[in-house]
Amino acid sequence: MFIAMNRFRVAPGSETDFEQVWLSRDVHLRTVPGFESFHLLRGPEQDDHVLYASHTVWASKAAFEAWTRSDAFREAHRNAGQSGARTMYLGPPQFEGFEVLQTVDRD
Ligand code: HEM
């Protein structure tokens, strides 16, 4: 299992715009091979930004990497970087990928 996360530092006052872009987007993930789940996360507020993260669970690192080269990825990012992105974000997103070493589920 592999978890891919992107952190977004959103300027104070742009939270609603950011959430609107994400919550109203066309999702292209549901039929992607190896895709398991997606969460949009809102994190702590700092003085100069609010932290958000996208959190995606994949069957394997290979499945995640195949998605990044797919039409589904291109479609999902067709409008990324547009519509006020320059003022909405403090900078580019910060990507982190994690190999899952242990999973504990409820009985
Ligand atoms: C390895 C790099 C990246 C990963 C893993 C990633 C992950 C994702 C995922 C999982 C989605 C949702 C796709 C869907 O629902 O079908 C998404 C959409 C989005 N990503 Fe990325 N992304 C990456 C690069 C970027 C970059 C560089 C930017 C900023 C320039 C960005 C900005 C966005 C935005 C704004 C959306 C919402 C799309 C919309 O406008 O409707 N992503 N990304």
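Located above this text is the structure these notes cover.
This report concerns the structure included in the present document. Keep in mind it's a predicted model, so treat the numbers as computed, not measured.

Rules and cut-offs
Residues numbered from 1 in each chain as written. Predicted model: local features only at pLDDT ≥ 70, side-chain atom pairs only at ≥ 80, totals over all residues. Heavy atoms only, no water. Near = heavy atom within 4 Å. Polar contact = N/O pair within 3.5 Å; in protein donor to acceptor, adjacent residues only side chain to side chain. Helix = DSSP H or I, 4+ residues; strand = E, 2+ residues; numbered from the N terminus. Nonpolar A, V, L, I, M, F, W, Y, C, P; charged D, E, K, R; others polar. Donors = N, O, S within 2.8 Å, 3.2 Å for Na, K, Ca; no water. 1 Å grid on protein atoms, 1.4 Å probe; cavity = no way out; pocket = protein on both sides within 12 Å on 5 of 7 lines; lining within 4 Å. Points joined across faces, edges and corners; volume = space filled by probe spheres on them. Pairing = 2+ DSSP bridges. Axes fitted to C-alpha atoms, helices over the stretch in contact; angles between N-to-C directions. Contact = heavy atoms within 4.5 Å.

Before going further, it helps to examine the site of the ligand. With respect to spatial proximity, 18 residues lie near the ligand, and among them Asn6, Arg25, His28, Ala76 and His77 are the closest. The separation between a nitrogen atom of the ligand and a polar side-chain atom of Asn6 is 3.3 Å. Contact between the ligand and His28: an oxygen atom at 2.7 Å from a main-chain N or O atom of the residue. Residue assignment for the shell around the ligand shows that the elements contributing at least two residues are strand S1 (2–10), helix H1 (15–23) and helix H2 (61–68). In the shell around the ligand, the residues fall into 13 nonpolar, four polar and one charged.

Turning next to the coordination of the iron atom of the ligand. Exactly one donor from the protein chain reaches the iron atom of the ligand: His77 (NE2), at 2.0 Å. Within the element layout of this structure, His77 appears in the loop between helix H3 (71–76) and helix H4 (85–88).

This brings us to the layout of surface pockets. Put simply, the largest pocket is a space of about 940 Å³. Secondary-structure elements contributing two or more residues to the lining of the largest pocket are S1, H1, strand S3 (50–58), H2, H3 and H4. Looking at the lining of the largest pocket residue by residue, the class counts come to 20 nonpolar, 12 polar and five charged.

Pairing within the open sheet is antiparallel, and its four strands lie in the order S2-S3-S1-S4. Each edge of the sheet is formed by a strand with only one pairing partner; in this case those strands are strand S2 (35–45) and strand S4 (94–99). Each neighbouring strand pair of the sheet contributes to a mean axis angle of 20°, computed without reference to strand direction. Here S1 pairs with S3 via nine bridges, running antiparallel. Bridged to Arg7 within S3 is Ala53. Contacts between H1 and the sheet are confined to S1, S2 and S3, with S2 contributing the most and set at about 175° to the helix.

Let us now look at the environment of Gly13. Looking at the element boundaries, Gly13 is found in the loop between S1 and H1. Taking C-alpha positions, Gly13 is 35 Å from Glu99, a pair spaced 86 residues apart along the chain.

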